[in-house]
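Residues per chain are reported as follows:
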Amino acid sequence: MMRVPVFCVVVLLFICHSHSLEIQNPAYGSKRSRENVLSDPSDCMSRTKQQQVFTNSHNFSVDIRMPGVVPSGSDTYLCMAYPVPTSQDAYIVDFIPHASMDTVHHMLLFGCQTPVSTSSYWDCGSVQGTCEDEASIIYAWARNASPTKLPRDVGFKVGRNSGMSYFVLQIHYGDVSAFRDHHRDCSGVALRMTSKPQPFIAGIYLLMAMDTVILPGKRVTNADIACDYTSYPIYPFAFRTHTHHLGKVVSGYRIRDGKWSLIGRQSPQLPQAFYPANKEVNVKYGDTIAARCLFTGEGRTSKTYIGGTSDDEMCNFYIMYYMDSKHAIPYMNCMETGSKELFQHIPAEANAPIAVSPGDMNSMMHMGSSADHQEKSLLDTNKAQQVLDQDFHLEQVSAWPQSSLQLGQVSGLALDTDSNLVIFHRGDHHWGADSFNSKARYLQRSLGPIQQSTILVVDPDKGNILKASGRNMFYLPHGITTDKENNYWVTDVALHQVLKVSSDGSDRTLLALGEAFTPGSDSSHFCQPTDVAVDIETGNIFVSDGYCNARILKFSADGKYLSEWGAGSSDRRRRIPFRIPHSLVFLPNKQEVCVADRENGRIQCFIAETGEFVKEVKKEEFEGEVFAITYSPAGNGLIFAVNGDSPYYSAPLRGFVIDYLTKDILDTFNPEKKEFKMPHDIAVTKDGSVFVGDAGNKSVFKFTTEKLHHSVKKGGIEVQELEEMDMFVQTKAMPEHKKTAAIQEKQSVPQQPQPQVEAEEKKSNSAAKPIREQGVLPAIITTLLLIPLLLVITVGVFICWKKNNRCEVKTEPSSVGGILGKIRGKAVGSLNLGNFFASHKGYSRQGFDQLSTEGSDQERNDEDSSDSENEEYSAVPPPQSSS
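All figures in this text were calculated on a predicted structure; none of them were measured in a lab. Counting restarts for each chain, with residues numbered from 1 along the sequence as it is written. Residue-level local features of this predicted model are given only where pLDDT is at least 70; pairs of side-chain atoms are given and counted only at 80 or more, and the full residue set underlies all totals for whole chains, interfaces and linings. Just so you know, side-chain values use all the structure's heavy atoms and leave hydrogens and water out.

Draft legend 1. View of the overall build of the chain. Counting its regular elements, the chain contains ten helices and 51 strands. Evaluated residue by residue, the chain yields a buried proportion of 59% over its 883 residues. Only DSSP runs of H or I with at least four residues qualify as helices, and only runs of E with at least two residues qualify as strands; both kinds are numbered from the N terminus onward. Only protein chains enter the accessibility calculation, which uses a 1.4 Å probe. A residue is then buried if its area is under 20% of the maximum for its type, exposed if over 50%, and partly exposed in between.

So this is what it looks like as structure tokens:
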């Protein structure tokens with residue numbers, strides 16, 4: 001009679017164990033994935049009733065939403081209070097907004113002890129306000145900003161000992177015409193929280209201008225804020241800018257010993273998310289924190305003041321920081337006007353507007369309210385954060401090109417308006433030691449021009465030649481770029497010229513700058529010019545000149561000389577001249593020009609309009625030389641670069657992906673089979689493919705990251721996930737290196753550890769497929785496992801019965817392993833479920849070995865899971881810098 005209870009207990013405990021695997025595995029349930037947002041506004045009332053969800057003993061989420069409101073008029077501020085759902089200390093580690101700029105102008109989340117009201121909602125735009133006591137800003141959102149993720153081990157502290165027992169959500173509804181359809185609004189924010197203490201506490205430092213007046217028609221008005229910092233060190237990891245329609249750029253800085261260090265800079269007309277801050281900057285006692293908002297009064301007929309309506313203006317720079325939990329201060333602010341003497345030394349970049357294309361604005365204006373729709377609609381602005389969390393790596397496409405291109409020394413690469421690759425090569429000409437004399441005059445004119453087609457238009461997918469031109473025109477090709485009309489702008493170091501050439505196959509020279517075969521250093525001559533960059537909007541061109549000159553020249557679209565400049569430096573006392581400005585790229589969204597200063601091993605960027613120095617990127621990994629650069633506007637901006645051989649270093653030749661804002665190297669790459677010999681130019685397509693032209697190998701390499709394979713353990717079974725990427729910075733959800741705010745995204749903070757992930761080859765159709773709906777996967781797993789389990793136990797009991805009770809059953813009620821673990825007898829021996837299931841196709845032994853009948857391992861299960869329960873919510877803070 002005991003066999004039946006034992007059998008029932010075995011089955012019951014096995015079901016419980018399978019269910020516990022579901023709870024303990026942080027990979028299951030996609031706790032960090034976005035929640036679906038109901039697109040039907042009428043359904044939001046029921047949604048707001050389910051505001052708190054516990055995912056395990058430590059982690060839970062809170063969904064704070066407006067309870068189906070209709071604002072009474074434009075520029076209405078409505079608030080609602082929600083109690084912190086625990087009497088203990090808790091920590092916010094994620095913010096997921098649920099709002100659309102079509103309806104909501106901006107949204108703030110405050111923490112305080114006593115809200116003004118605890119009714120369902122109230123008008124907080126009047127004197128009533130938000131909180132009876134001091135309110136601390138925890139989160140801010142506007143313009144369809146994406147979710148904000150905090151660094152590892154960092155959280156906003158709320159609850160018992162924080163002085164924050166309530167959340168107050170404030171939403172500014174700008175234009176009431178958005179409610180002409182009489183829908184009710186349930187915008188808000190979801191909070192991912194944990195009760196596990198975090199070593200570092202996050203906070204917000206707000207710099208806000210109060211007295212600025214923007215005069216009508218005035219081209220530039222600056223709002224300057226600055227305060228001395230007098231507390232414990234803080235470590236900024238994200239920033240956010242906020243103005244209304246007249247703001248062009250907002251920049252924030254730390255000033256230490258007279259040196260201005262950028263914390264963050266962005267256009268407030270882009271999604272007003274929290275973007276990754278410069279991780280090399282911390283703030284300590286005695287520093288000054290400063291910010292500038294640049295406004296324009298053009299188009300206005302009356303004065304514009306700082307105020308709360310959409311017709312007024314605002315100037316806010318938010319710094320999201322962390323500090324040691326022992327000295328945590330959740331909120332600080334600065335509202336002092338900065339002195340003119342101080343702001344005389346602000347870097348020039350703060351005075352350069354960041355261009356926002358109509359496409360960017362249109363994409364923001366047409367976004368829906370669902371978080372998934374925001375992900376798909378945000379263009380390059382969101383891709384930084386996508387880089388941050390993505391395990392990406394550029395790898396060579398070895399099958400590209402599919403047929404030989406018959407190239408000479410590849411000197412230049414570009415993309416035309418159809419996103420085809422344009423290759424500029426030297427055919428049968430070579431640049432050797434006897435090509436020039438000591439005065440840089442070309443010595444091999446007798447060879448004549450290159451007879452082969454030096455310009456090839458190539459399909460970027462397959463590598464087949466689509467068009468060929470450039471015969472009998474060039475002697476030693478070097479750099480190439482294209483303009484919006486698909487004309488080629490090229491340099492020839494033998495001719496000492498910059499040429500504008502038609503792309504229609506006629507090989508017509510439309511414009512020539514410089515005198516053929518005549519080197520010089522004035523405004524009408526070049527000396528071995530290396531590259532050209534084109535401002536697509538204005539048509540202005542920029543020339544890097546070159547091997548014997550050390551300057552950048554600027555010309556109008558019709559070839560009129562405008563200006564020139566040399567190398568820049570943040571320290572004017574130690575300005576180091578260019579040593580072969582070798583490659584140029586124009587940054588359309590920042591209106592800057594960046595140059596690869598080859599022999600100095602650095603990248604320098606300048607304001608395109610004035611030539612003023614903006615920043616320098618110099619890394620030890622470059623090992624002394626940077627040959628070429630290109631740029632993608634994804635996220636904060638990505639600089640792609642290749643280095644070269646240096647007589648002073650034995651560096652590996654490779655490519656680099658660099659975050660423009662933080663200057664971090666996000667990835668390095670090189671060919672798998674054939675090494676780089678002289679990587680000479682680089683280009684990146686809109687879909688994220690990277691091409692490198694190698695003059696030494698006389699070839700072009702293609703790199704991409706189209707697919708990533710992961711084997712994710714769920715309930716002890718390894719299930720393969722296949723994640724497809726449209727481009728290497730577009731990823732699973734947001735990205736993600738690092739977990740920072742808004743990212744927008746790929747970041748400055750180390751990457752969050754993923755739940756157990758291994759590489760795995762594709763399984764056959766019998767292998768389990770990932771099933772994401774919560775509750776479905778455990779049911780299927782349990783069903784699949786119970787069938788063979790019942791069969792095995794039934795056979796064992798039957799054999800025992802047949803052997804006249806020669807089988808002894810021993811149980812250890814304290815663990816699953818103990819109950820399953822000791823069914824012994826001459827007929828059965830030792831039963832190991834790990835061995836049993838490992839013998840079946842599609843199942844991994846790993847995971848089931850923990851159910852071995854040789855002993856109990858329940859304690860080990862509990863210990864292992866305790867580390868992983870909060871892994872999804874823990875994040876490593878950026879390394880503390882002494883700078």
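Alright, that's what it looks like, and here's the rest.
Draft legend 2. Quick peek at the packing of aromatic side chains. Pairing of aromatic rings covers Phe, Tyr and Trp, the last through its six-membered ring, and needs centres within 6.5 Å; plane angles under 30 degrees mean stacked, over 60 mean edge-to-face, and all others mean tilted. With the rule as written, the count across this model stands at 31 aromatic pairs. Seen in terms of ring centroids, Tyr-205 and Tyr-229 are 6.5 Å apart; in terms of plane orientation they differ by 50 degrees. Their pairing is tilted. With Tyr-205 in strand β12 (residues 200-208) and Tyr-229 in the loop between β14 (221-228) and β15 (235-242), this residue pair connects regions lying 24 residues apart in the sequence. A relative accessible area of 3% places Tyr-205 in the buried class. With a relative accessible area of 2%, Tyr-229 lands in the buried category. Of the aromatic side chains, those joined through ring pairs into one cluster are Trp-431, Phe-436, Tyr-442, Tyr-475, Phe-517 and Tyr-547. In this structure, Arg-445 is placed above the aromatic ring of Phe-517, and the distance from its NZ or CZ to the ring centre is 3.9 Å. Only when the NZ of Lys or the CZ of Arg is both within 6 Å of the ring centre and within 35 degrees of the ring normal is a charge said to sit over the ring.

Draft legend 3. Representation of the sheet that holds strand β23 (residues 395-396) within the structure. Pairing in this open sheet of four strands is antiparallel, and the strands run β23-β46-β45-β44 from one edge to the other. Edge positions in the open sheet fall to β23 and β44 (679-684), since each of these has one partner strand only. Following DSSP output, two strands are said to pair if at least two bridges run between them. Here strand β45 (residues 690-694) runs beside strand β46 (residues 699-704); their pairing, made up of five bridges, is antiparallel. Of the residues in β46, the one forming a bridge with Phe-691 is Lys-702.

Draft legend 4. Expanded view of unusual backbone geometry. Put simply, Trp-400 and Pro-401 share a cis peptide bond, and its omega is -10 degrees. Within the fold, Pro-401 resides in the loop between β23 and β24 (410-415). Note the cis peptide between Asp-545 and Gly-546, where omega equals -5 degrees. Positive phi is not limited to glycine here, since Gln-406 has a value of about 55 degrees. Topologically, Gln-406 is positioned in the loop between β23 and β24. For Ser-419, which is not a glycine, the phi torsion comes out positive at approximately 65 degrees.

Draft legend 5. Representation of the environment of Val-543 within the structure. Its location among the elements puts Val-543 in strand β33 (residues 541-545). As a C-alpha pair, Val-543 and Leu-553 span ten residues in sequence and 5.1 Å in three-dimensional space. Working rule for contacts: check all heavy atoms of both residues, and any pair within 4.5 Å makes them a contact. Non-local contacts of Val-543, meaning those with residues more than four positions away in its chain, are made with Val-498, Phe-526, Pro-529, Asp-531, Arg-551, Ile-552, Leu-553, Phe-555 and Leu-584.

Draft legend 6. Structural detail: the pairing of strand β43 (residues 665-669). Two elements, strand β42 (residues 655-659) and β43, share four bridges in a ladder whose sense is antiparallel. Residue pairing for β43: Gly-655 is matched across the bridge by Phe-669. Counting the residues in the hairpin turn of β42 and β43 gives five residues, including Lys-663, whose phi is positive at 70 degrees.

Draft legend 7. Highlighting the environment of Ser-453. Structurally, the position occupied by Ser-453 is in the loop between β25 (421-425) and β26 (455-458). Ser-453 gets classed as buried once you look at its relative accessible area, which sits at 11%. Residues Ser-453 and Asn-472, spaced 19 residues apart in sequence, show a C-alpha to C-alpha distance of 8.0 Å. Setting aside residues no more than four positions away along its own chain, Ser-453 makes contact with His-425, Ala-468, Ser-469, Gly-470 and Arg-471. The term polar contact refers here to a pair of N or O atoms within 3.5 Å; inside protein, the definition further demands a hydrogen-donor-capable atom paired with an acceptor-capable atom, and it admits residues adjacent in sequence only when both atoms are side-chain atoms. A distance of 3.1 Å separates polar atoms of two side chains, one belonging to Ser-453 and the other to Arg-471.

Draft legend 8. Looking closely at the confidence of the model for the chain. Confidence scores labelled pLDDT are given residue by residue by the predictor and lie between 0 and 100. Model confidence for the chain is summarised by a mean pLDDT of 76, while 70% of its residues fall at 70 or above. Note on residues 1-42: pLDDT under 50 across the span, and 96 contacts to partners over four residues away in sequence or across chains. The low-confidence segment residues 804-883 (pLDDT under 50) makes 174 contacts with residues lying over four places distant or belonging to another chain.

Draft legend 9. Representation of the pairing of strand β38 (residues 602-607) in the model. Along β38, six of the six residues are buried, which leaves the element largely enclosed by surrounding structure. Here β38 shows no split at all, with Arg-602, Gln-604 and Phe-606 on one side and Ile-603, Cys-605 and Ile-607 on the other all buried. Examined bridge by bridge, strand β37 (residues 592-597) and β38 share six bridges and lie antiparallel to one another. Following the sheet pairing, Glu-592 is matched in β38 by Ile-607. Two successive antiparallel strands, β37 and β38, enclose a turn made up of four residues, where Gly-601 displays a positive phi of approximately 60 degrees. By the bridge criterion, four bridges tie β38 to strand β39 (residues 613-617) in an arrangement that is antiparallel. Within β39, the residue paired with Phe-606 across the bridge is Phe-613. Here β38 folds back onto β39, and the loop between the two strands holds five residues, one of which, Gly-611, carries a positive phi near 80 degrees.

Draft legend 10. Looking closely at the sheet that holds β37. Spatially, β36-β37-β38-β39 is the arrangement adopted by the four strands of the open sheet, whose pairing is antiparallel. Single-partner strands in this sheet number two, and they are β36 (581-587) and β39. In this sheet, neighbouring strand axes are inclined to one another by 20 degrees on average, regardless of whether the strands run parallel or antiparallel. Lines are fitted to the C-alpha atoms to define the axes, a helix being fitted only along its stretch in contact, and any angle between axes, read from their N-to-C directions, falls within 0 to 180 degrees.

Draft legend 11. A look at a nonpolar patch on the surface. Residues forming no salt bridge and having over 30% relative accessible area are the ones grouped into patches, like charges within 9 Å of each other and nonpolar side chains (Val, Leu, Ile, Met, Phe, Trp, Tyr) within 5 Å. Accessible areas in this description were obtained via Shrake-Rupley with a 1.4 Å probe; residue shielding takes into account the shown protein chains only. By definition, a salt bridge exists where a carboxyl oxygen of Asp or Glu is found within 4 Å of a side-chain nitrogen of Lys or Arg. Together, Val-213, Leu-215 and Tyr-305 make up an exposed nonpolar region whose accessible area comes to about 240 Å². Here Val-213 shows up in strand β13 (residues 213-214).

Draft legend 12. How the structure looks around the pattern of salt bridges. All chains considered together, the criterion is met by twelve salt bridges. Glu-592 is paired through a salt bridge with Arg-265; the nearest N and O atoms lie 3.5 Å apart. Of this pair, Glu-592 sits in strand β37 while Arg-265 is found in strand β17 (residues 259-266), placing the two residues 327 residues apart along the sequence. Here Glu-592 matches Arg-265 in class, with each residue buried. For the salt bridge of Arg-602 with Asp-597, the shortest nitrogen-to-oxygen distance reads 2.7 Å.

Draft legend 13. The arrangement of the side chain of Thr-296 in detail. Counting through the fold element by element, Thr-296 comes out in the loop between β19 (288-295) and β20 (304-305). Apart from residues no more than four positions distant in its own chain, Thr-296 is found in contact with Ile-214, Lys-218, Arg-219, Leu-246 and Lys-248.

Draft legend 14. Expanded view of the environment of Ser-231. Along the polypeptide, Ser-231 turns up in the loop between β14 and β15. Counting along the chain gives 55 residues from Ser-231 to Gly-286, while the straight-line C-alpha distance between them is 8.6 Å.

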